[in-house]
Amino acid sequence: MNVKGQSRVIIENVQPQVEGGLYPSKRTIGESVEVTADIFGDGHDHIRAHLLYKKQGQKTWTRKELIAVGNDVWQSSFPVTEKGYYVFTVEAWIDHFDTWYDGFKKKAEAKVDVSVELLEGANYLKSLSDQNERVKHFTRILSQKNNYSEAIASVLSKEFAELVHEHPYISFPTRYDKELIIYVENKKANFSSWYELFPRSASLEGKHGTFKDVIKLLPRIHSMGFDILYLPPIHPIGKLNRKGKNNNVKAEPGEPGSPWAIGSDEGGHKAIHADLGTLDDYKRLIAEAKKLGIDIALDIAFQCAPDHPYVKEHPEWFKQRPDGTIQYAENPPKKYQDIYPFNFETETWKELWEELKSVIVYWIEQGVKIFRVDNPHTKPIPFWQWAIGEINKQYEDIIFLSEAFTRPRIMASLAKIGFTQSYTYFTWRVSKQELMEYMTELVYGPSRNFFRPNFWPNTPDILPYHLQHQGENIFIIRLALAATLSSNYGIYGPVYEFCDNTPVPTREEYMDSEKYEVKWHDWKRTNRMTDIITVLNKARKENPALQSTWNLQFCSIENPNLLAYLKATEDLSNIILVVVNLDPNSRQSGFVQLPLQKLNLKERIHIKLHDLVTDEHYTWSQEWNYVELDPFKMPFHLFKLDVYQSTM
């Protein structure tokens, strides 16, 4: 911190900051940046402090008072209303005017002679930079020796107290030695609903699907309320070492292979699988989706099939084995003979980096603004930091979703260096305790400043054990949790809607996985799950309280099978209470405690509750209230609250 010899205030632990300011903290338009700092000094003189903030590039700081909240912790906040970078810092000083004022009040109350103190006060007033009429008025009164009683009364008046507060006496201030950065992104970075489907399975006629078939499905996806449609890789699929059904090491004739085995003699990462259509078809899909408020997300998987053009054109980009073959991907005991990973330690790494960045740029120029990045943790983190940074310099509102189910520090690092959203461990957090601990870590831990979670109950790679061989109820429960705990969430398409859940024995994988074969779904079919998805997404769009992950507050409820939590806007204009029965097989009941302090309520209350899913209405008039959830009727409540303070 910037401390001179006469500066007596110490400023530490200014938040938010990521790794000591090495990386920017993240926010989206419309959010507030809550700033805290540890501020203290010697003795008992009064300290005052200012938060200074501005849009990066502006010359003038906006100042806002920091308030002491106890134990030398001070806090304030500022809004971010535009995209781009904001900077902030903290300044604090000993306010001798405020110190004098507090001592004066104590002496006057004790009937101590304060003649000298009045002259000291007059000197402080004379030194204020803003010499307005009110300041001059009080200066005259305190300077007149024959108006002792009037002077004391003036200092003890409400108007003088306001003057002291409004005119901080800044001398020898300490300025925190860093200007910390906030990176502000579009609202969609923090609020989105993803739907994943395989375009090759989009046909209504029992044949290989195309982009034109996906266009026909857009009204269905739109009607359910999703705003991002994510398609697995759309590129040519390798023919050498192609995998067959259920990851068989050898494909039978006619089997399509895995879309993640990218590249063949038909092209690579800038080409489109011929059976899906043309580039014009893909661009038309993007345009038609946009008309419905849906963005098309492209899968970025930086890996190659053995017959990808890169393998022939740039063999130096791949690791050569002693027998002359190229090292294919492995995650022992799993083997991926159909995929060659890039060797990022190649001597021509600069050319490799530039080429991979050009892939992203190519698809942005075709109209793509959202990328789901496959296994980013298997590529160097410095590469992603450079590539995403370069992209963000050139283009606006690009979203990168990190598909990294790996160790926590790696997931965190990817988020710090630029990934907009991140897959999470939600998929495996099942019990009440697990969910509460994980959400507390995400919302209130240090990662809140850089890690935006995106909750997925399932993916084409993951059929978690708790969904296997289970009925519809558990699918509804996990959907409700994903869509209300996190403001970003997604599902892997029709298999989740239709509760498909047959696993490979002893593994968290789908039997007859769509990764290795074309499926023919009954796209005209809807069911109870479809209806619940639709209602949930409608509630999310209509209730700002559900459009943030960061406003979560758990509510006490004694039943370990019931999870209750409140989400509310900062001004309490929109309040949502969610109660979930985590037991898919049995009715559960208990008493939920409303957080009256959060709701600015005292004991006498009157609350009207509207369940947005079942359309039922209730009235509560006390702090603890009975709830009962039958999973076969509906395993969760989604209450919208209208809160009144009772006068009875």
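About the thresholds
Residues numbered from 1 in each chain as written. Predicted model: local features only at pLDDT ≥ 70, side-chain atom pairs only at ≥ 80, totals over all residues. Heavy atoms only, no water. UniProt positions renumbered as here; feature names shortened; annotations may be inferred. Helix = DSSP H or I, 4+ residues; strand = E, 2+ residues; numbered from the N terminus. Contact = heavy atoms within 4.5 Å. Pairing = 2+ DSSP bridges. Axes fitted to C-alpha atoms, helices over the stretch in contact; angles between N-to-C directions. Patch = residues over 30% accessible without salt bridge, like charges linked within 9 Å, V, L, I, M, F, W, Y side chains within 5 Å. Areas by Shrake-Rupley, 256 points an atom, 1.4 Å probe, with all protein chains shown as cover. Salt bridge = Lys/Arg side-chain N within 4 Å of Asp/Glu carboxyl O. Buried < 20%, exposed > 50% of the residue type's maximum accessible area, 1.4 Å probe, protein only. Parallel < 35°, antiparallel > 145°, perpendicular 65-115°, else oblique. Nonpolar A, V, L, I, M, F, W, Y, C, P; charged D, E, K, R; others polar.

Q: Would you explain the UniProt feature "site: Transition state stabilizer" (unreviewed entry) in the chain in this entry?
A: The residues that UniProt annotates with the feature "site: Transition state stabilizer" (unreviewed entry) are Asp-461. Counting through the fold element by element, Asp-461 comes out in the loop between β21 (453-454) and α13 (472-485). In this view, Asp-461 contacts Glu-403, Glu-508, Glu-509 and Lys-515; residues no more than four positions away in its chain are not counted.

Q: Explain the sheet that holds strand β1 (residues 9-15) to me, please; I cannot follow it from the model alone.
A: One open sheet holds the four strands; their spatial order is β1-β3-β7-β6, and the pairing between them is antiparallel. In this open sheet, the two strands that pair with only one neighbour each are β1 and β6 (67-70). The sheet shows a mean angle of 35° between the axes of neighbouring strands, taken without regard to direction. With five bridges connecting them, β1 and strand β3 (residues 32-41) associate as antiparallel partners. Across the sheet, residue Ile-10 finds its bridge partner in β3, namely Phe-40.

Q: Quick question: what am I supposed to make of a nonpolar patch on the surface here?
A: Judged by side-chain polarity, Phe-591, Trp-624 and Tyr-626 come together as a nonpolar surface patch covering roughly 300 Å² of accessible area. For Trp-624, the position within the fold is in strand β29 (residues 624-629). Looking at Trp-624, the relative accessible area reads 36%, which means it is partly exposed.

Q: What is the right way to look at the packing of helix α6 (residues 211-224) against helix α7 (residues 279-291) in this model?
A: For any two helices packed against each other, the geometry is given by the interaxial angle and the distance between the axes. Taken N-terminus to C-terminus, the directions of α6 and α7 make an angle of 10°; their axes are 9 Å apart at the nearest point. By the criterion of interaxial angle, the relationship of α6 to α7 is roughly parallel. Residues Phe-211, Lys-212, Val-214, Ile-215 and Leu-218 of α6 touch α7, and the partners they reach there are Asp-281, Tyr-282, Arg-284, Leu-285, Glu-288 and Ala-289. A per-class count over the contact of α6 with α7 returns seven nonpolar, no polar and four charged.

Q: Which parts of the structure should I look at to understand the pattern of salt bridges?
A: Close approach of charged atoms allows side chains of opposite charge to pair. Within the structure shown, the criterion is met by 38 salt bridges. Here Asp-295 and Lys-188 are joined by a salt bridge, their closest N and O atoms 2.6 Å apart. In this pair, Asp-295 is assigned in strand β13 (residues 295-300) and Lys-188 in the loop between β10 (180-185) and β11 (192-196), connecting sequence segments 107 residues apart. According to the relative accessible area criterion, Asp-295 is buried, its value standing at 12%. Here Lys-188 falls in the buried class, since its relative accessible area comes to 17%. Via salt bridges that share partners, Asp-299, Arg-372, Asp-374 and Glu-403 belong to a single interconnected network.

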